[in-house]
Structures are given as structure tokens and as C-alpha cells.
Amino acid sequence: MALFKLSINNRAYSADVEGDTPLLWVLRDNLGLVGTKYGCGIAQCGACTVHLDGKAVRSCVLPVSAVGKAKVTTIEGLSEKGDHPVQKAWDEVDVAQCGYCQAGQIMTAAAFLKEKPKPTEEEIVGAMSGNLCRCGTYHRIREAVKVAASKTN
Amino acid sequence: MSTLNQTSRRDFMKLAAAAGGGLFLGFNWSDTNAAPVVVDAKQIAAGSVKFNSYLSIGSDNIITIVSPNPEIGQGIKTAFPMVVAEELDADWKLVKTVQGKLDNAAFERQVTGGSGAVPHSWERLRKAGATARHLLVNAAAAKWGVPAAEITTADSKLFHKASGKSAGYGEFAEAAGKLTAPTDIKLKDEKSFKLIGQSVRNVDNKNIATGKPLFGLDFYREGMLFAIIQRPKAFGFKLKSVDSAAAKAMPGIVDVVTFENSVAVVGKSTWQCKKAREVLKIEYEKAADLESSEDHNRIFSNLMDNGEATVRRKNGDVEAAFKGAAKVIKAEYQCPFLPHSPLEPMNFFAHVREDGVELVGPTQTPDRAREAASKITGFPVEKISVEITRQGGGFGRRLSADFAIEAVHVSKLAKAPVKVIWTREDDMTGGTYRPAVRYRFEAALDKNNELIGYKLRGVGINSGNPTREDNFPSGSVDNLLIDSVEHKSAITTGPWRAPITNFLAYAEQSFIDEVAEAAGKDPVQFRLALLEKAKKSPAGEVKYDVDRMIAVIKLAAEKSNWGKKKGVHQGFSVYFSHRSYVAQVGEVVVEKGKPALKNIIAAVDCGIVINKSGSLQQVRGGVVDGVGHAMFGNMTFKAGTPDQSNFNGFRLIRMNEIPEVDVHFVDNGISPTGLGEPALPPAGGAVANAFYKATKQRLRNQPFINEEAFKGIS
């Protein structure tokens, strides 16, 4: 066990865990940030997507010891009032069915739109195809990313 | 027809007052003998008056509507309250929705399965809203001194036009709560619905998009321990011995407990439990045949020819029909086992205390979890509470109570509040799969190319009856024989979204396409002719609504411009399941020599559509599910052990692989007949038939991606 100091959603946290513990489980089991979801544990589904210095990463395969001084953003910290353009678009398009994968989808979309504010449909599909949605809300995810893109510019 | 019980209603008011307003008492909506029970006061706004099991109205005009059935992504937590709000003439913006706990006294059928929740509750929900509205109107009439019949309602307000009086519902909630509820209540004319049929956004959208703790896996409790369980690695193994010394010595591990064939590592975090499980030394012994997929293929072939079949339906003289046939068409179709793969893996919280049991988690059948907990602990069900969390998908997997049973065992043995968590690997290799099945279809055509004989034999592995003997084309063929053979295996199976029909529909609709082609007829016209026959001179009983089926076929043909598109290869499919009717047209376009699935056009008759947005997505999602699993879903075995254990080996459909899905609902005013499943079954057939048009190769086995037609196409 070792003490890890983490900057998450612009707040300082510390967790006394083994260094190989994935960031996902530190967030969930140690810090009570359960918005980041466990889906596969092997970076295949994207449910655990968080931002590390603004870039989308899979927290299920990121050992906490590798986070270092990087700034972590989780779904809870994407916006203060839940009004990030992507979050708003998700409501407007009424994307969610069960909703379990959507935090990961939103985090992937938010990081993607920051890099590419005016994406083509092909680019959206390319960026979002790494995230699984078992309910099959893909049409609406695609639509919501378009809506978010149109509102941010 | 059930009515409100007046005595219990008065009892409720009295007891509520005695409890000081902190607790609210409910009563069974439909069972007039039920005793009042305490329900969770936290869920209902302070100062609210509870009108029935579903509905409370506060003096602040906030209306709280309880949705009793588990929410797994079918949208019930939005749709149920919409129905109550419609009859109440409530202002939807002032409606608060809460998930009900398991409460047999207040609710019936707190189950999510079989696309049955809305059909079951439709009238109950409407009456709950209509009764409360009636009481509010009468309370206002008494206060205003005007006839109740002159009072109108809209947007949670009461109006009396002649006197110009108006008031919000909150103002009269208390007075209305003291009135005697009517024993019979007139419901709205469906044509006057204002909220039902609109697009209403999922009530949990904001919580979902901001990462609020909604799901079972998100449930944490002070002092709670985690448990990760090692189950036998092969179907057919049983536990022989456990050496848990090394695991117990790992950091964070509190205990290792054994029950049945399972070994549970109990500790302070998920990760610590997962790591400690890896150092368990467990020996297993063989308790049943350790089957491989090659064995299953041999078993299918053997039982297809030599198995002792159970006759499911027989009409006319099949042997004679085939003997006298001008043409016989025969084909076999096969489907693999499938895991459900809900994105939230199985998990459940249990706390076995000295005085009872607390259960919290994602289950489609909370009643089953409680029954099982009662059996294990000896507590009567009254001492066991079940809180239903939002669920990250179900697809039938959460109908089983195995994970709740595990949590109860572990909590009991470890003497602590425990949450059992399945890893994805546990979830995928843990069984209760869709059963693998092979079908053999045979059709006899006479010299006029009329279908005079039809045979179907289904051979399934732990499938129960793998046929739906009374579904189409039964009733439309004079000579018909449907039978089945079942092989019992150690590989566990269970209901998987649209059980049996999720693969039967594809096989049957593909075969019908083959028969239509052999008869030289258009696939749509061929089906319509069979249905006309089922209507005019039915062969035996017809247990589906022929007119509703014809209507969706015609609608899908019209909306897809059937047979008239250039360069587009269309495939047709139609299926009746779970009381609803869905026809689909798949459209394949050949690009650079490769066939690509571009569109699915779906015509749906599920009766009245409650929430347009939710229903539209339910159909799209069902089609994506059906297409995805037909294309890619494959679970194979070696010596009882699954070859696939995570999403790297088991392929789920992704955004870049979906077709566009164009949805059309039939507007016929029939009471809702269910939508959680019916859009899935026809999808595979629509895809297979469209690919056939494009490639001239039949797709007779799932997953399609392994078929000859897809060689060289990724």
C-alpha cells in the first residue's frame, strides 16, 4: 500500500492503495466517485472513460501509480452544473436507455469535440466506435455529438 | 375490474395522521383485503397526500408517481408515470418519479420481463390517475359550491368556467384525500390523450449524464465489504477442495468463504478481492460431461435424425402432403449460445442481520431474490426488504436470482454487509446463456406452387421447447407438424431477450423466403397469401391476430418502397412475439463488390405508443441488438469452458456497424401490447434475406460473419 495524491475535478484527493490498482477502482471504491463505470476491465468498452489532462483514457487499465500529477476529470467534474454542451445534448436527444455506458460515451465525446469542434459524421463515428452501448443507442449518440458540436460553435 | 377500497382508504388517512406525517401508508390497489403497509416516506414529498399506491400530491403541487417495475433500459420509469399523469391531467413538469421498492401489498407483478409490464399495468395506472382526478374535482366542487360536472382539469389545475374560479391541485389535495374514492371510474377517451403519444425525455437523463449513483454497482454502504467469487471454470465441474491460505494473506482480504460450488473472497475493495482470487488453489472434479462445441454439433445431428421428439402441433396429414408434393424444400438453421452481456455486470448487495435481511441491487425479479433469501436465511419474507436499483441492462439475465443468492450466502457466512461483484469475465463465462438450437424446416409445394405441407423440428440444448408452435405459419398450412427434442447439458441457459423467438424468427423467416423463391412468388405477397388463408380457412387454431400481422406487412412494404428500389437488395421479415407485431425490411447495397447492410425499415404494431421518444429508441435498439447478435454473437466451448470471456473475444456491434433504422408505428388505438422485445426477433431474417438477394447465398447459421458469404469481409 502507498499513499497516492490525485488531482480530480480540480480537487485534491489521496488514496492509500496498491500502486497497480486501476484508477477506475480507486475512483469508485476509495473516493466515492461512482459515475465512472466498470464494463470490461480491458479497455474494450469505454464505460470507464475519464480525461487525463483533457485526453480521453480508459481508467480500467490505468494503474493509479501512473497517474502522477496529471489532472483527472470524471463525469462528475465535466461541468459544475451538469450543463456541458455534450451533457445537454444527451438530454435533448434523449439518448439513454439503461444509461450505464453513457458517462463513458459523454466523456469520449467531450474530449473528441475539444480536439475536433467541427467533426464530419465519419469522424464522429470513428471517434465513438470504441465505446460499446449494449442497448443500441448508437443512432442517438451520433446525433447528440452533432447537436453538441453545433451548439459549441 | 378492481376498484379502490373505501375502508382501507379511510384507514390510511387515520393512520397517516397518527404517524405524524412522517410515514405514509399504502394499500393494495386491487386487492381489497390487503392491510395497509408502511412505505418509504423519504421518497414522498413532505405534506403530500397519498391517493393510492402510485400517486401522492403535495400542497406545493408536486405530484410524486411511483414506478414499481425494475428499470433496465426499457423506459418504464418514464412511461408508467406518463400513463398516471395523463388520466390525472397532471402538469408533467411538476411530476416527480420514484422507483418503488418491492412491495407486494401495494403492487402486483413487480417484474421486468416478457414485455409484459405495460400490458399488465395499463388499466391500473390509468385508474390510479383518474381516481385521484375525480377526488380533486369533487373536493373543488364542494368548496366552490358548483356541480362537479362543470369543473374541468388541465396541467394540474382545476377550472370552473362559469364562476371563473381556478386552483392548483395542491390546494385541494388534502380535502380530496378525505373524500371517499369511487368504486368505478370512467377513463378518458384514448383520442383525447395529451401526454400519451408525445415524446417525453427519460426522467433520469440528468442523473445519467452527470454520473449520479443510480445503478446497483454504484451502491456503497458504510462498512460494506466486497466479494469476488470463483465459480467452477467449466460447466460440469464441482468443487473438490479449496486452499485459501495465500488468498487470505493478501492485503485487504477479510475472509474466504465457501458455499455450494463457489469460493468467495471477501475484502475491502474490488481490486484486492480480484487479485486475491487469483491465488486461490482450487481443485474441481467432474460431475457431468464437459461438452465442447464439436460435441454439440454431433448431438444436433444425431437428435435431429434419431431423437425422440415431442409433438408440439399437428394439423392435417403431413406425410401424405409431402408424398404428393411437386416440390420439397428443406433447410437447416443453427444458432450458438449467447451471453446477455448487459454492460453493468451482475452484482448485488445483501446484509443478513440478526433481525432480517436487506437486499439492494439490480434485479428484474425482486420477488425471486426475496424468496431465495428467505429460503437461505430462514427469515420470513416480511423480514426481508428489497430495494431495486436502476440496472445497466437486463436482456433477461437479471430474471435469474443467482447473484442475489450469492450475496445472501456470502453476507451470512462473513457476517457482514457485502456486495458481490462479477467481473466481465465472470459475467460472460457464468452461464444462463441463450440456448444453442438447430432447426430443420421442410416445406411441400403442390404443382400450383401452393404451400401444402410444413414441418419444423427444433433440437435445443437446455432450450425447453425451442419452437413457438402456434406462431405463423401455423394456421395457414393445412398439413403441419412441429416437434422438438431437447438435450440436457451442464451448460446453464436462461431467457435471453425475446426467448426462443430471438433466433426462431430469423430461421423461420429465412426459410419462408426460401419457400417463396421456390414457389416463384414475391416474399411479401407469399406471406400475405398465407395470412389470407389463415383468415378464410384456418388450419386449426390461429393464435395471432391475422389482421394486425397483415397491417404491419403492408406498412413495411409501403414505407420501404418494396421491390421498387434500384441497386438496393431488400429482404423481408415479419414476426409476432410478446403480443406485438413487427415487420422489417433489410436493405443491402453492394459497394466495391462487398455487400453492406444500409437500412432496416420497421413497421411496428404495439398498440398505443405511450412515449414516442422512448418507443422509437426501443425499436431502434431492438433492431441493433438483433442485427448485432445475428452478425457477430458467438459463444463456443472447449471441454465445458467458454472460449470467449470478454469483449475482445466476444464481439458486440459498434457504432460503425449499424444500419440506419427507420421506424413506423401503426396507429390503431389498441391498448399497449409490449415493446421491450418484439422489435428484435424479425431483424435477423430481414438481414439474411437481404444478403441473399445481394449475394445469392443463404445465411443459415449465426453468427453470419462466420458464413461463407462473408469470407473476406470483416
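Just so we're clear, the structure is a prediction, and the values are computed from it rather than from any experiment.

S.K.: I tried to follow the overall build of chain B on my own but got confused; where do I start?
M.R.: Along chain B, the regular secondary structure elements total 17 helices and 29 strands. Over its C-alpha atoms chain B spans a radius of gyration of 28 Å, differing by no more than 12% from the 27 Å that the globule rule assigns to 714 residues. By its C-alpha atoms, chain B is 80 × 75 × 50 Å across when sized along the principal axes. Out of the 714 residues in chain B, the part that is buried amounts to 56%. A separation threshold of at least 6 residues defines the contact pool for chain B, and within that pool the share at least 24 residues apart is 76%.

S.K.: What is the right way to read the interface of chain B and chain A from this model?
M.R.: The parts lose accessible area when they come together, and the size of an interface is often stated as this lost area. At the interface, 47 residues of chain B touch 47 residues of chain A. Listed by contribution, the elements that provide at least two residues to the side of chain B that touches chain A are α5 (205-209), α7 (270-277) and α16 (612-632) of chain B. Take the side of chain B that touches chain A: its biggest share by element is six residues, from α16 of chain B.

S.K.: Is there a simple way to explain the sheet that holds strand β4 (residues 55-57) of chain B in this structure?
M.R.: Within a sheet, each strand pairs with its neighbour through backbone hydrogen bonds, oriented either parallel or antiparallel. Residue and element names in this part refer to chain B. Pairing in this open sheet of four strands is mixed, and the strands run β3-β4-β5-β6 from one edge to the other. Bordering the open sheet on either side are β3 (49-52) and β6 (95-99), each of which pairs with just one other strand. Mean inter-strand twist for the sheet, computed between neighbouring axes without regard to direction, equals 25°. Summarising the sheet, β3 and β4 pair through three bridges and their orientation is antiparallel. Each bridged residue has a counterpart across the sheet, and for Lys 50 the counterpart in β4 is Ser 56. In this fold helix α2 (residues 76-88) packs onto β4, β5 (63-67) and β6, with an angle of close to 130° to the strand it touches most, β5. Most of the contacts of helix α3 (residues 117-144) go to β3, to which it runs at about 125°, and overall it touches β3 and β4.

S.K.: Honestly, the domain arrangement of chain B in this entry has me stumped. Any pointers?
M.R.: Residue and element names in this part refer to chain B. Domain boundaries in chain B define domain 1 (6-209), domain 2 (216-287 + 346-421) and domain 3 (307-337 + 433-710). Across the contact, 12 residues belong to domain 1 and 17 residues belong to domain 2. By residue class, the composition of the side of domain 1 that touches domain 2 is four nonpolar, five polar and three charged.

S.K.: Would you take a moment to explain the UniProt feature "domain: Aldehyde oxidase/xanthine dehydrogenase a/b hammerhead" (unreviewed entry) in chain B for this structure?
M.R.: The sites that UniProt annotates as "domain: Aldehyde oxidase/xanthine dehydrogenase a/b hammerhead" (unreviewed entry) are residues 210-288 of chain B. With 15% helix and 41% strand, residues 210-288 of chain B has end C-alpha atoms that lie 48 Å from one another.

S.K.: Whenever I open this one, the environment of Val 61 of chain A confuses me. Can you help?
M.R.: All names here are of chain A. Residue placement: Val 61 occurs in the loop between β4 (55-58) and β5 (71-73). Note: C-alpha distance between Val 61 and Gly 41 (20 residues apart in sequence) is 6.6 Å. With residues near it in sequence (within four places) discarded, Val 61 still touches Pro 22, Ile 42 and Ala 43.

S.K.: Any chance you could explain the domain arrangement of chain A here in plain terms?
M.R.: Residue and element names in this part refer to chain A. Domain annotation of chain A identifies domain 1 (2-77) and domain 2 (85-152). Its C-alpha centre places domain 1 at a distance of 21 Å from the equivalent point of domain 2. In this assembly, 15 residues from domain 1 lie in contact with 12 residues from domain 2. Contributions of two or more residues to the side of domain 1 that touches domain 2 are made by β3 (49-52) and β4.

S.K.: How do you make sense of the packing of helix α2 (residues 85-92) of chain A against helix α5 (residues 138-152) of chain A when you look at a structure like this?
M.R.: Each pair of packed helices can be summarised by the angle the axes make with each other and by the distance between the axes. Residue and element names in this part refer to chain A. Between α2 and α5, the shortest axis-to-axis distance is 8 Å and the interhelical angle comes to 130°. Regarding the angle of α2 to α5, the classification is oblique. For the pair α2 and α5, the sense of crossing is right-handed. Between α2 and α5, the residues in contact are Pro 85, Val 86, Ala 89, Trp 90 and Glu 92 and Ala 144, Val 147, Ala 148, Lys 151 and Thr 152, respectively. Looking at the contact of α2 with α5 residue by residue, the class counts come to seven nonpolar, one polar and two charged.

S.K.: Got a minute to help me understand the nonpolar core in this structure?
M.R.: For soluble globular proteins, nonpolar side chains are generally found buried alongside one another. The biggest cluster of nonpolar side chains holds 211 residues, and the ones touching the most others in it are Ile 106 of chain A together with Val 84, Leu 136, Met 549, Val 552, Ala 602 and Val 604 of chain B. Residues within four places of Ile 106 of chain A in sequence aside, it is in contact with Ile 75, Leu 78, Val 86, Gln 87 and Trp 90 of chain A together with Ala 209 of chain B. Among the nonpolar cores identified, the runner-up in size contains 41 residues, and Val 352, Ala 372, Val 408 and Ile 421 of chain B belong to it.

S.K.: Would you take a moment to explain the pairing of strand β1 (residues 2-8) of chain A for this structure?
M.R.: On any regular strand, side chains alternate: one points to one face of the sheet, the next to the other face. All names here are of chain A. Sheet analysis places β1 next to strand β2 (residues 11-17), joined by seven bridges and oriented antiparallel. Bridging across to β2, Ser 7 finds its partner in Ala 12. Connecting β1 to the antiparallel partner β2 that follows it, the hairpin turn spans two residues, and Asn 9 within it adopts a positive phi of roughly 50°. Pairing analysis gives two bridges linking β1 to β5, with the strands arranged parallel. What sits directly across from Ile 8, in β5, is Val 72.

S.K.: What is the right way to read the environment of Lys 535 of chain B from this model?
M.R.: Within the fold, Lys 535 of chain B resides in helix α14 (residues 523-536). In sequence terms Lys 535 of chain B and Asp 545 of chain B are 10 residues apart; their C-alpha atoms lie 9.2 Å from each other.

S.K.: How should I be thinking about the environment of Met 549 of chain B in this particular structure?
M.R.: Along the polypeptide, Met 549 of chain B turns up in helix α15 (residues 546-559). Separated by 34 residues in sequence, Met 549 of chain B and Ala 583 of chain B place their C-alpha atoms 8.1 Å apart.

S.K.: What am I meant to see in helix α13 (residues 501-518) of chain B here?
M.R.: An α-helix turns once per 3.6 residues; consequently, residues spaced three or four apart project the same way. Along its 18 residues, α13 of chain B runs 25 Å from first to last C-alpha, staying within 8% of the 26 Å computed at 1.5 Å per residue. Most of α13 of chain B is tucked away: 15 of the 18 residues are buried.

S.K.: Even after reading the chapter, I still don't get the sheet that holds strand β26 (residues 594-605) of chain B, so can you show me in this structure?
M.R.: Residues and elements named next belong to chain B. Ordered in space as β24-β25-β26-β29, the four strands form an open sheet in which the pairing is mixed. Strands with a single pairing partner mark the edges of an open sheet, and in this sheet they are β24 (569-577) and β29 (660-665). Strand-to-strand twist in this sheet, taken as the mean axis angle between neighbours without regard to direction, amounts to 20°. By the bridge criterion, 11 bridges tie strand β25 (residues 580-591) to β26 in an arrangement that is antiparallel. Opposite Ala 583, over in β26, you have Ala 603 as the bridge partner.

S.K.: Looking at this model, I keep getting lost on unusual backbone geometry. Mind explaining?
M.R.: Excluding glycine, residues mostly carry a negative phi; peptide bonds, for their part, are mostly trans. Residue Phe 472 of chain B is joined to Pro 473 of chain B through a cis peptide bond whose omega torsion reads 10°. Inspection of the secondary structure assignment puts Pro 473 of chain B in the loop between β22 (451-461) and β23 (479-487). The residue after Gln 702 of chain B, namely Pro 703 of chain B, is reached through a cis peptide bond having omega 0°. Residue Asn 10 of chain A is not a glycine yet carries a positive backbone phi of 65°. Structurally, Asn 10 of chain A is set in the loop between β1 and β2. When the 10 C-beta atoms within 10 Å are taken as the criterion, Asn 10 of chain A is described as exposed. The phi dihedral of Thr 432 of chain B falls on the positive side, at around 60°, and the residue is not glycine. By secondary structure assignment, the location of Thr 432 of chain B is in the loop between α12 (424-429) and β21 (437-445).

S.K.: Would you mind showing me how to read the packing of helix α3 (residues 102-115) of chain A against α5 of chain A here?
M.R.: All names here are of chain A. Packing of α3 against α5 brings their axes to within 11 Å, and their N-to-C directions diverge by 40°. Considering the angle they form, α3 stands oblique to α5. When the axes of α3 and α5 are compared, the crossing they make is right-handed. Taking contact as the criterion, the partners of Gln 105, Ala 109 and Leu 113 in α3 are, on α5, Ile 141, Val 145, Ala 148, Ala 149 and Thr 152. A class-by-class count of the residues in the contact of α3 with α5 yields six nonpolar, two polar and no charged.

Rules of the game
- Residues numbered from 1 in each chain as written.
- Chains lettered and ligands numbered in written order.
- Predicted model: local features only at pLDDT ≥ 70, side-chain atom pairs only at ≥ 80, totals over all residues.
- Helix = DSSP H or I, 4+ residues; strand = E, 2+ residues; numbered from the N terminus.
- Rg over C-alpha atoms; globule rule 2.2 N^0.38 Å.
- Buried ≥ 20, exposed ≤ 12 C-beta atoms within 10 Å, placed from the backbone.
- Contact = placed C-beta atoms within 7 Å.
- Pairing = 2+ DSSP bridges.
- Axes fitted to C-alpha atoms, helices over the stretch in contact; angles between N-to-C directions.
- Domains from an automatic or database assignment.
- Nonpolar A, V, L, I, M, F, W, Y, C, P; charged D, E, K, R; others polar.
- UniProt positions renumbered as here; feature names shortened; annotations may be inferred.
- Parallel < 35°, antiparallel > 145°, perpendicular 65-115°, else oblique.
- Left-handed = near helix turned anticlockwise from the far one by under 90°.
- Core = buried A, V, L, I, M, F, W, Y, C linked by C-beta atoms within 7 Å.
- Expected span 1.5 Å × (residues − 1).

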